[in-house]
Amino acid sequence: MSVEQSAVAPPVTSTPTTSPAPPDYRRRWIVALAGLAAAWLLPLAAVAADARWVLPPLVLLATASLLRGGRTLLDRLLLATVLLVGLTTAAGLLFAVWPWGMAPVPVTGTGLTILVLAALATGRRPTLPRPAWADLFPVLGTAALVGYLAQPLLRAGDLAGRLTILTRGEDYLRHLSLVDVIGRHGGYVFLDSDAVRDQLLSLLVHYPQGWHLLVALLDGHLTPAGTAPGGPDAVQPFLWWNIAGFGLFVLTLLWAAHRLPGPLHPLSRGVLTVVVGALVLGSQLPRLLWSGYPTETIGLALTVVLAAIVARPLPAPREHLLLLGVLLVGIGYTYYLFLPAAVVLVLGALLVHRHAMVRARRTALAVGLATVVLAPVPILLGVFRANQTEALTATVGPDLTETWLAFGGLGALVVPALLWHAVRIGRRDPAWRRWLFVLLVSGLFTAAVGQASVGLGGELGYYFNKAGHLTTVLLIGGAGAVVRLLPAPRRGRPIRTLTAGLTAVTVAAAIVLFGGVTGWHRSLLVVGPQTWAQRWVHQQVDQPNRAAVVCDQVNRAYPAVDGVTTLVLDYASTYRSYLENICVSTLQGTTAQTEAAIYGLIFAEPGRTWQMLHAVPGEIRLVVVDPAARSRVNKLLRSTPEVRDRVTIVTMFVDQPRD
C-alpha cells in the first residue's frame, strides 16, 4: 500500500452496536398529531380562561412564521395580515353555512389546523426574522398618524359625542347596522337574504361585506360568548375599528413606499416617512374617516399591497401566487370597485413572470381556479341582483376638484422621478418600470370609470372620485422615487453629509407646507381652508350636533316595540329628520321596518311627512321633537283620516339648537 493510500484509508475499528434512529416519517406523524391537538386545545384553553382576545394575534404570528416572502419582521407580519384578511373574507362563505357561525373555537381551530397541514406539506418550520431598523419608520409613522387621527374618539366621552362622529357621514350608520346583523347572523347575509329580511335594510343585503365580517368576527373574540356589543354599546368599538382600518391602510402605504426604492439611508427613510404622512394628511384621503368609508379604506390597503408585490415580487413563486390570488379575493369582498384594476395588475405580473409561473404551474392552476370562482361573487351579486351600477351616476361636489389637484400636483412630482429611475437603472432594477405600469393601469381605470359615469349620468360622478382615490394613493406610494433623487450622507465626506441633511430637511418641510399639515398654509391638494384631517381631528364632539342628541334621547326614551314602527319628525329640515331616523333605527335594529319611511321619498315638506305616513303599514309611533313639526303633522292627520287611527304622536321637544 502506498503512503497516499494509507493516509486516506479509514482505520478499522470496532464500534458499539446502537439502536437505529426512528424513521423520519414516525417523527413527522408525532409532530403532526401534536400540532393538530394544539390547534384545538389552545382555543379551548383561551375561551375557558376568558382570553379570546389572544387568538387573533396567535393566528397572525403562526401565519407569519410559515411565510418566507419577507426579509424583515414587518414584511412577514404585514403579508400575513393581508393574507388572513383575504382568506377570512373567503371563509365567510363557510361561516354562514356551517353550524358554528363565527364562534372563536371552531374558527381558530380550523385556521390553526390549516396552518399545521401547510407546514407539514411544505416542510417549513415556524420561524420569524429579527426586527430590522428599517421597520421602525413605517411603524412609527403609522403610530404618529393614528395617534393624531384618534383624537376625536378620545375626546368623545359619551354616546352623544360618538353619535356626532357617526352622523357626520350617514354611511357610518349603515355600516354599523350591517356589522350588527352579520354578527348576529354568523356570516354573510347575502347567502340567506330571506333570513335577514326583517333585520336589515334591503340596500345592504348585497353590499360588499368583507370588512363587516372581519369586524364582527374580531368583536366576537373580544367579548364573552353571546354578549357581542349591540345598539348603543356597539358604537364605540365600531369607531375604533374604523381607526384601526385606517391605520392598516397607512401602514401598508408607508410599507409600499419604503419597499419600492430598495435600500435607503436612514435619513432618506425618515424623509420618505414624513413625505408620505404629510401627503396623506394633506390630501382628500382623511375624508374616508370623515364621511364613513371604511370598506374603501380596507380596499385601498389591499390594493396597495398588491401593487407593491407586483412591483417587487416575492422571491418564492408559489407564495407570490398565493398572495396575488388571496388579495384579489379580499378586494372583491371588501370594495370590488378596485377589482378590475387589480385583475389587470395581476395579469400583467403573470405575463412578465410567465416562465417562473410555468415552474409553479400546479400552484398557479389551483390558486387561479379558486380566485376565478371566489373573487367575482360580490361584484356579480351587486351588478345582477342589486343593480348597483346605478351608483355610477351619483354626483360629487368639491371632491372632484380635489381629485384633479391630486393628479396634477402629485403627478408632477412623482411621474418624472419614476421615469428618471426607469431610464437610468431600469435594467438593474425593473421595479420603477413596474410602478409606472401600476400608475398607468390605475389612471386608465379611473378614466374608464369616469367615462362610464358620463355615459350613464352625463357627468363625472361619485365613483370616478373613488377611483381617483386609488390613483392618488399609488402616486403617494411612488414618493420613494422622489426621495431616491436626494443626496445621501456618506461616511468620511462631511460636506456631502451636511448638504444631504440640509436638502432632506428642506424637502420634508416643503412637502409638509405643501400638504398644509402645520396649518400655517392651506393645503394645495384640497379646496377648503382646512384639510380633511384638520376637520376630522378638530370636530366638536364635546358639543354634540342636533341629530346625535335627538337620536340618543329618542332611543333611551322610546325603545323598540314589536309591531310598532318608531319614526322621528323634526323641524322643516328634511335631511335632519332623515338622518335622525337612520340613527334611531340603527341603534334599535329596526332598519328593515323603517326603510319605507326613510328612503326613496322626496326631500320637501309637508310632502315627505305625508309619504312617510302612507308608506309604512301598521301602527306608527311618531316622536315629534319640534313644535313646528307637531303643527305640520296635526294638519296632515286632519286631512288623512285613513292614517290617523294607526298613528300615535309622542311629543318630546329637544332643546338642542337647530344646526
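Side note on the confidence of the model for the protein
Consideration 1: Confidence in the prediction of the protein, expressed as mean pLDDT, is 88, and 93% of residues score 70 or more.
Consideration 2: Of all the helices and strands in the protein, helix α1 (residues 3-8) carries the lowest mean pLDDT, 38, while helix α14 (residues 294-311) carries the highest, 97.
Consideration 3: Ignoring residues within four places in sequence, the model shows residues 1-18, a span with pLDDT below 50, making one contact including any to other chains.

Quick word on the environment of Ala143
Consideration 1: Looking at where Ala143 falls in the secondary structure, it is placed in helix α6 (residues 136-149).
Consideration 2: On the basis of relative accessibility, which here comes to 48%, the residue Ala143 falls in the partly exposed class.
Consideration 3: Measuring from C-alpha to C-alpha, the distance between Ala143 and Val275 comes to 15 Å, with 132 residues separating the pair along the chain.

A closer look at the state of the cysteines
Here, disulfide denotes a covalent bond that connects the sulfur atoms of two cysteines.
Consideration 1: Overall, the coordinates contain one disulfide when judged by the stated rule.
Consideration 2: Between the sulfur atoms of Cys551 and its disulfide partner Cys583 the distance amounts to 2.1 Å. With the S-S dihedral at roughly -85 degrees, the linkage between Cys551 and Cys583 falls on the left-handed side. With Cys551 in helix α26 (residues 546-557) and Cys583 in helix α27 (residues 574-588), this pair connects stretches of sequence that are 32 residues apart.

Comments concerning the sheet that holds strand β2 (residues 619-624)
Consideration 1: The sheet built from three strands is open, its strands ordered β1-β2-β3 with parallel pairing. Since the sheet does not close on itself, it has two edges, and those belong to β1 (564-569) and β3 (647-651), each with one partner. Strand-to-strand twist of the sheet, defined as the mean angle between neighbouring strand axes without regard to direction, takes the value 25 degrees.
Consideration 2: Bridge analysis of β1 against β2 gives six bridges, and the strand direction is parallel. Counterpart to Thr566 in the pairing with β2 is Arg621.
Consideration 3: In this fold helix α30 (residues 627-639) packs onto β1, β2 and β3, with an angle of close to 160 degrees to the strand it touches most, β3.

A word on the packing of aromatic side chains
Consideration 1: Applying the stated criterion across every chain, the model contains 17 aromatic pairs.
Consideration 2: Note on Trp133 and Phe137: the rings are 6.0 Å apart at their centroids and 85 degrees apart in plane angle, and the pair reads as edge-to-face.
Consideration 3: For Trp133, a relative accessible area of 45% gives the class partly exposed.
Consideration 4: Judged by centre distance (5.9 Å) and plane angle (90 degrees), the ring pair of Trp404 and Phe407 falls under edge-to-face. In this pair, Trp404 and Phe407 both sit in helix α20 (residues 399-425), three residues apart, roughly one turn of the helix.
Consideration 5: Classification of Trp404 as partly exposed rests on a relative accessible area of 45%.
Consideration 6: Members of the aromatic cluster, connected to one another through ring pairs, are Tyr575, Tyr578, Tyr599 and Phe603.
Consideration 7: The cationic tip of Lys466 hangs over the ring face of Tyr293; the distance from NZ or CZ to the ring centre is 3.0 Å.
Consideration 8: Here the basic side chain of Arg535 rests over the ring of Trp532, its NZ or CZ set 3.9 Å away from the ring centre.

Some words on unusual backbone geometry
Consideration 1: Put simply, Glu605 and Pro606 share a cis peptide bond, and its omega is 10 degrees.
Consideration 2: On the secondary structure map, Pro606 appears in the loop between α28 (591-598) and α29 (607-615).

As for the pairing of β1
Consideration 1: Among the six residues in β1, six count as buried, and that is most of the element.
Consideration 2: Burial of β1 is two-sided: the residues Val564, Thr566 and Val568 facing one way and the residues Thr565, Leu567 and Leu569 facing the other way are all buried.

Topic: the side chain of Ser291
Consideration 1: By secondary structure assignment, the location of Ser291 is in helix α13 (residues 287-291).
Consideration 2: When its relative accessible area of 7% is taken as the criterion, Ser291 is described as buried.
Consideration 3: A distance of 2.6 Å separates a polar atom in the side chain of Ser291 from a polar atom in the side chain of Arg287.
Consideration 4: Ser291 has contacts with Gly169 and Asp171, leaving out every residue within four places of it along the chain.

Things to note about the pattern of salt bridges
Consideration 1: Here the structure, examined in full by the defined rule, presents 11 salt bridges.
Consideration 2: In this structure, Arg197 engages Asp194 in a salt bridge whose closest nitrogen and oxygen atoms are separated by 2.4 Å.
Consideration 3: Judged by relative accessible area, Asp194 falls into the exposed class, the value being 53%.
Consideration 4: Via salt bridges that share partners, Glu170, Asp171 and Arg174 belong to a single interconnected network.

A look at the packing of helix α11 (residues 235-259) against helix α22 (residues 462-477)
Consideration 1: Orientation of α11 relative to α22, taken along the N-to-C sense of each, is 45 degrees, at an axis distance of 8 Å. Judged on the interaxial angle alone, α22 and α11 are oblique. Only Val473, Ile476 and Gly477 of α22 make contact with α11, whose side of the interface consists of Phe249, Leu253 and Ala257.

About the criteria used
- Sequence order as written defines residue numbering, which begins from 1 separately in each chain.
- This being a predicted model, a pLDDT of at least 70 is required before a residue's local features are given, and a value of 80 or more before pairs of side-chain atoms are given or counted; all residues contribute to the totals for chains, interfaces and linings.
- With hydrogens and water set aside, each side-chain value is computed from the structure's full complement of heavy atoms.
- The pLDDT score gives, residue by residue, the confidence of the prediction method on a 0 to 100 scale.
- Secondary structure elements follow DSSP: runs of H or I of four or more residues count as helices, runs of E of two or more count as strands, with numbering from the N terminus.
- Residue contacts are counted whenever heavy atoms from the two residues lie within 4.5 Å of one another.
- When a residue's accessible area, from a 1.4 Å probe over protein chains only, is under 20% of the maximum for its type it is buried; when over 50% it is exposed; and in between it is partly exposed.
- Count a disulfide wherever a pair of cysteine sulfur atoms falls within 2.5 Å.
- At least two DSSP bridges between two strands are needed for those strands to be called paired.
- Lines fitted to C-alpha atoms define the axes here, with helix axes fitted over just the stretch in contact, and angles between the N-to-C directions of these axes take values from 0 to 180 degrees.
- Here is the rule: rings of Phe, Tyr and Trp (six-membered ring for Trp) pair when centre to centre is within 6.5 Å. Planes less than 30 degrees apart are stacked, more than 60 are edge-to-face, and the remainder are tilted.
- Our definition puts a charge over a ring when NZ of Lys or CZ of Arg is within 6 Å of the ring centre and also within 35 degrees of the ring normal.
- Polar contacts here mean pairs of N or O atoms no more than 3.5 Å apart (in protein, one a potential hydrogen donor and the other a potential acceptor; neighbouring residues in sequence count only if both atoms are side-chain atoms).
- We count a salt bridge whenever a side-chain nitrogen from Lys or Arg sits within 4 Å of a carboxyl oxygen from Asp or Glu.
- Put simply, angles under 35 degrees are roughly parallel, angles over 145 are roughly antiparallel, angles from 65 to 115 are roughly perpendicular, and the rest are oblique.

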